[in-house]
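Letter by letter, the chains look like this.
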Amino acid sequence: PRYDAVYVRRLKGGTIARVTAGLTAAYYDEEDPEFSPDGRSIAFLSDARSNGQQQLFVAPASGSPVRRVGRLDGNVQDLSWSPDGRAIALLYIAAAHRKAGALQPGARDVGVIGSVVDEQRIAIVDVATGALRLVTPDDSYVYEYGWSPDGRSIAATYAKGNGDHNWWVAKLAVVDVAAGSMRELLAPSFQIDDPQWSPDGKQIALIGGIMSDFGSTGGDVYLVDAQTGTPRNLTAELVARLTADIT
């Protein structure tokens, strides 16, 4: 059996705490651990109690007790706490026909060929109640996202239609979390990746360039005005181009 569990250890020594949803000796996969903003809790994904289906769990940083939050049915990845720690965002494909990603096998062809398109959307899960709410449209595929400092908005890279085909023409949008609406902010002529807000919430940083692939975007660092969508290239004079995520 294989066990992929989450472990926590204080930087200045101390015992290692094992954080897991596993209850029995069986195969399971646990991934994507994220500390809450106050550092007291850890959220992570695990299929320990639903073989092959990742569920969202939250546990104290000490390791137990572990609590499942809500119920998911589909592809889920890239969880991120809201700034106030009351909610967790996820990239979610409900009732997915296949795993997400251009390198994954395609879905089995049934019915009218090409009629089924799985759209990856941003879901917000209430940590206290487990209630799940989708906040992006059902005709748009979201690739990456980042919370605004005040938690009211989310910056997202997205494209209409098939997510595998359209990453190269993805746009930048701002999602109103309360309203569940999406406002297009930038439609660039290059590929974009990893939107991150400035601490004051006035700008969104991203990497943009050409001849890129999803997950290995090369290019320059741009700052985009969060209100007007005006981009500014910060690294136009660099000979080298950046490939790492913005941190």
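Residues numbered from 1 in each chain as written. Predicted model: local features only at pLDDT ≥ 70, side-chain atom pairs only at ≥ 80, totals over all residues. Heavy atoms only, no water.

**Q** Even after reading the chapter, I still don't get the overall build of the protein chain, so can you show me in this structure?
**A** Each helix and strand in the protein chain was counted, giving one helix and 19 strands. A buried classification covers 45% of the 247 residues belonging to the protein chain. Relative to all contacts within the protein chain whose residues are 6 or more apart in sequence, the contacts with residues 24 or more apart total 40%. Carbon and sulfur atoms make up 52% of the accessible area of the protein chain, which totals about 13,400 Å². (Helix = DSSP H or I, 4+ residues; strand = E, 2+ residues; numbered from the N terminus. Buried < 20%, exposed > 50% of the residue type's maximum accessible area, 1.4 Å probe, protein only. Contact = heavy atoms within 4.5 Å. Areas by Shrake-Rupley, 256 points an atom, 1.4 Å probe, with all protein chains shown as cover.)

**Q** Got a minute to help me understand the pattern of salt bridges in this structure?
**A** Note that side chains of opposite charge can pair when their charged atoms are close. Counted by the stated rule, this structure contains two salt bridges. The residue Lys-160 makes a salt bridge to Asp-139 at a minimum N-O spacing of 3.2 Å. Residue Lys-160 is found in strand β13 (residues 153-160), and its partner Asp-139 is found in the loop between β11 (132-134) and β12 (140-147); the two are separated by 21 residues along the sequence. By relative accessible area, Asp-139 is classed as partly exposed at 35%. (Salt bridge = Lys/Arg side-chain N within 4 Å of Asp/Glu carboxyl O.)

**Q** Looking at this structure, I do not really get the sheet that holds β11. What am I missing?
**A** Each strand in a sheet pairs with its neighbour through backbone hydrogen bonds, running either in the same direction (parallel) or in the opposite one (antiparallel). Here four strands make up an open sheet; going across it, the order is β8-β9-β10-β11 and the pairing antiparallel. Because the sheet does not close on itself, it has two edges, and the strands there are β8 (74-81) and β11. For this sheet, the mean angle separating the axes of adjacent strands, direction not counted, is 30°. Sheet analysis places strand β9 (residues 87-94) next to strand β10 (residues 121-126), joined by six bridges and oriented antiparallel. Along β10, the bridge assignment pairs Leu-90 with Ala-123. (Pairing = 2+ DSSP bridges. Axes fitted to C-alpha atoms, helices over the stretch in contact; angles between N-to-C directions.)

**Q** Just checking my understanding: could you explain the sheet that holds strand β18 (residues 220-225) for this structure?
**A** Taken in spatial order, the four strands of this open sheet run β16-β17-β18-β19, and their pairing is antiparallel. A strand with exactly one partner marks an edge of an open sheet, and here the two such strands are β16 (191-197) and β19 (231-233). Looking at each pair of strands side by side, their axes are set apart by 30° on average, direction ignored. Bridge count for strand β17 (residues 203-209) against β18 is six bridges, and the pairing is antiparallel. Note on β18: the bridge partner recorded for Ala-205 is Leu-223.

**Q** Explain the packing of aromatic side chains to me, please; I cannot follow it from the model alone.
**A** The description of two aromatic rings rests on the distance between their centres and on the angle between their planes. Scanning the entire structure with this criterion turns up four aromatic pairs. Where Phe-44 meets Phe-57, the ring centres are 5.8 Å apart and the plane angle is 20°; that geometry is what we call stacked. Here Phe-44, found in strand β5 (residues 41-46), pairs with Phe-57, found in strand β6 (residues 55-60); they are 13 residues apart in sequence, far enough to count as distant. Neither Phe-44 nor Phe-57 differs from the other in exposure class; each is buried. Ring geometry for Trp-167 against Trp-168: centres 5.6 Å apart, planes inclined by 85°, an arrangement best described as edge-to-face. Looking at Trp-168, the relative accessible area reads 35%, which means it is partly exposed. (Phe/Tyr/Trp six-rings, centres within 6.5 Å; stacked < 30°, edge-to-face > 60°.)

**Q** Would you take a moment to explain the environment of Asn-51 for this structure?
**A** For Asn-51, the position within the fold is in the loop between β5 and β6. When the C-alpha atoms of Asn-51 and Tyr-27 are compared, they prove to be 8.2 Å apart, with 24 residues separating the residues in sequence.

**Q** Mind showing me how you'd approach the side chain of Ser-140 here?
**A** Turning to its location among the elements, Ser-140 is positioned in strand β12. Overall, Ser-140 belongs to the buried group, its relative accessible area being 0%. The residues contacting Ser-140, other than those within four sequence positions of it, are Glu-119, Gln-120, Arg-121, Tyr-158, Ala-159, Lys-160 and Met-182.

**Q** Looking at this model, I keep getting lost on the confidence of the model for the protein chain. Mind explaining?
**A** As a note on interpretation, predicted positions should not be read in detail where pLDDT is low. In the predicted model, the protein chain carries a mean pLDDT of 86, and 85% of its residues have values of at least 70. In this model residues 101-113 is a low-confidence stretch, pLDDT under 50, and it forms nine contacts with partners more than four residues away in sequence or in other chains. (pLDDT = per-residue confidence, 0-100.)

**Q** Looking at this model, I keep getting lost on the pairing of β10. Mind explaining?
**A** For a regular strand, the rule is simple: side chains alternate between the two faces of the sheet. Counting buried positions along β10 yields five of six residues, so the element is predominantly enclosed. With three bridges connecting them, β10 and β11 associate as antiparallel partners. The partner of Ile-124 across the bridge, within β11, is Arg-133. Between β10 and β11, which follow one another and run antiparallel, lie five residues, and Gly-130 among them has a positive phi close to 80°.

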